[in-house]
Amino acid sequence: MERVDLILTDIDFVLTMDENFTEYKNTSIAIKDGKIVDIGEDVKNRYFGKTIVCKGKIAIPGLINTHTHAAMTLLRGYGSDNPLKVWLEEYIWPVEGQFVSYEFVKDGTQIAVYEMLRNGVTTFVDMYFYENAVADVLNKLGIRGVLSTGILDFPTPGAKTPDEGIAKTEEFIKEHKGSEYIYPAIGPHAPYTCSPETLKKAMDVAEKYDVLYHIHISETEFEVQTVKEKYGETPVKHLEKIGVLNSRVLAAHMVHPTDEEIELLAKKGVKVAHCPESNLKLASGIAPVPKMIEAGVIVGIGTDGTASNDDLDVIGEISTAAKLHKGYWKDPTVLNAKQALAMATREGAKAVRLENKIGTVEKGKKADIVLIDANQPHLNPLFDPYTQIVYSSKGLDVDTVIINGDIKVLNKEVLVIEKDYVLDIAKKWKEKIEALNKATQR
Ligand SMILES: [Zn+2]
């Protein structure tokens, strides 16, 4: 018998989400030093250590949210149902202009992290300001984040110029490169808010330090039109022309690529973070995801910030995606349950270039594992676990969350951050934001 740190026994189903969609029934998983060391029926007989009995549970890889702005959780539901311009100019930007700070980002991130953990998210990709605050929260709680500060051509809360933003990102990368939980990235905001010069300088840094290039591309028709007028090309072609389209790029949204651009994305190895609920709520449109996957583009799932979603439930997001594209293409075979769940796991890991570490439940991978409580009436009878997760379950059916071998959620209770503490933070900021609102209306 070999001692390990944690054993998950008697799991009803393990959906490994590997390339062959290998699954195990009534099996056990052994975890040591943050990694999965063994999977199989006889694991129980060969290892000993702290044990969780997982009868009635489905194990899947920790979910990966490939695009969000965690701190914007403080603006959840604020100014909803307005035209985009009104929403941004009268609601979002005034609050951000007044309040965005280390404290704002730290507080907003803690609410977001509570929600993401409760919904089974073990890694998220963030772009906002004061990412050092996000890194501090994640390092303390032991949650993975691919973190980038938004770089724009106009002054931001953290940088007066894009060059300052790039320099600060370089410092951030040096500080966190090689960390267990923080994967630093560079985040030029979008092709219509960054000049070609800024975009190229950001790519130089991405290449120098071998990090992800996280950017919004082709989110709205307005963006496509603006880039066309300014540079004579649609966004993807514009980026190719200036030499920043390659496999480091994680493109959030990608709602309006042309067929030619989809081919280009596949050829260059660009990854996409599909954010269907945000695109629907902000009326941006419907991304041609089945076409992109067909062309060979890696597509992960993202919630975007809660100001435009309005939740961080990745299971809900893949459910929306699977149904949205069936309806749009009038074809029920499009984006099946396995593919949808892969977007939130294996493909999400590829999208952030971490497929060697996370995204599947396999020997040697990091022990980022989520257990779903399938022993509930709304998930039964259970003919197919993939179908049940994507179409019947909600994020709140997540029972246990393990990151790097450590238990973060158990019996549907978040262990690493207190619910009342999170609710107090939310209340504090609601009052501050409402007071600002009243002051500006006067
Ligand atoms: Zn975004």
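**Student:** So what exactly am I meant to see when it comes to the environment of N356 here?
**Tutor:** Mapping N356 onto the fold places it in the loop between α14 (346-351) and β17 (369-373). The exposure class of N356 is exposed, given its relative accessible area of 69%. For the pair formed by N356 and K366, sequence separation is ten residues and the distance between their alpha carbons is 9.0 Å.

**Student:** Before we go on, may I ask you to explain the coordination of the zinc ion in this structure?
**Tutor:** Tetrahedral coordination by four donors sets the ideal angle at the metal to 109.5 degrees; octahedral coordination by six donors sets it to 90 or 180 degrees. Around the zinc ion, the protein contributes the donor atoms H67 (NE2), H69 (NE2), H216 (NE2) and D304 (OD), which lie 2.1 to 2.7 Å from the metal centre. Geometry at the zinc ion is irregular, judged from the four donor atoms that bind it and their angles of 80 to 175° at the metal. Sequence spacing of the donor residues for the zinc ion, all on one chain, is H-x1-H-x146-H-x87-D. For H67, a relative accessible area of 0% gives the class buried.

**Student:** What is the right way to read the side chain of H253 from this model?
**Tutor:** Structurally, the position occupied by H253 is in strand β14 (residues 249-253). Among the polar contacts listed, one links the side chain of H253 to the side chain of N279, at a separation of 3.0 Å. A distance of 3.5 Å separates the side chain of H253 from the side chain of D304, its partner in a polar contact. Ignoring sequence-local partners within four residues, the contact set of H253 consists of H67, H216, I217, E219, V272, A273, C275, S278, N279, A287 and D304.

**Student:** Would you take a moment to explain the pattern of salt bridges for this structure?
**Tutor:** Where side chains of opposite charge bring their charged atoms close, a pairing between them can arise. One pass over the full model with this rule turns up 32 salt bridges. Between K428 and E103 there is a salt bridge; the shortest N-O distance is 3.0 Å. Here K428, found in helix α16 (residues 419-441), pairs with E103, found in helix α3 (residues 102-118); they are 325 residues apart in sequence, far enough to count as distant. By relative accessible area, which is 32% here, K428 ends up partly exposed. You can call E103 partly exposed: its relative accessible area is 37%. Notably, a salt bridge pairs E347 with K350, separated by 2.9 Å at the nearest N-O pair. Taken together, the positions of E347 and K350, both in helix α14 and three residues apart, correspond to about one turn of that helix. Here the two residues E347 and K350 agree in accessibility, since each one is buried. One connected set of salt bridges, linked through shared partners, spans E19, R346, E347 and K350.

About the criteria used
- Residues numbered from 1 in each chain as written.
- Predicted model: local features only at pLDDT ≥ 70, side-chain atom pairs only at ≥ 80, totals over all residues.
- Heavy atoms only, no water.
- Helix = DSSP H or I, 4+ residues; strand = E, 2+ residues; numbered from the N terminus.
- Buried < 20%, exposed > 50% of the residue type's maximum accessible area, 1.4 Å probe, protein only.
- Donors = N, O, S within 2.8 Å, 3.2 Å for Na, K, Ca; no water.
- Tetrahedral: all angles 85-135°; square planar, octahedral: opposite > 155°, others 65-115°.
- Polar contact = N/O pair within 3.5 Å; in protein donor to acceptor, adjacent residues only side chain to side chain.
- Contact = heavy atoms within 4.5 Å.
- Salt bridge = Lys/Arg side-chain N within 4 Å of Asp/Glu carboxyl O.

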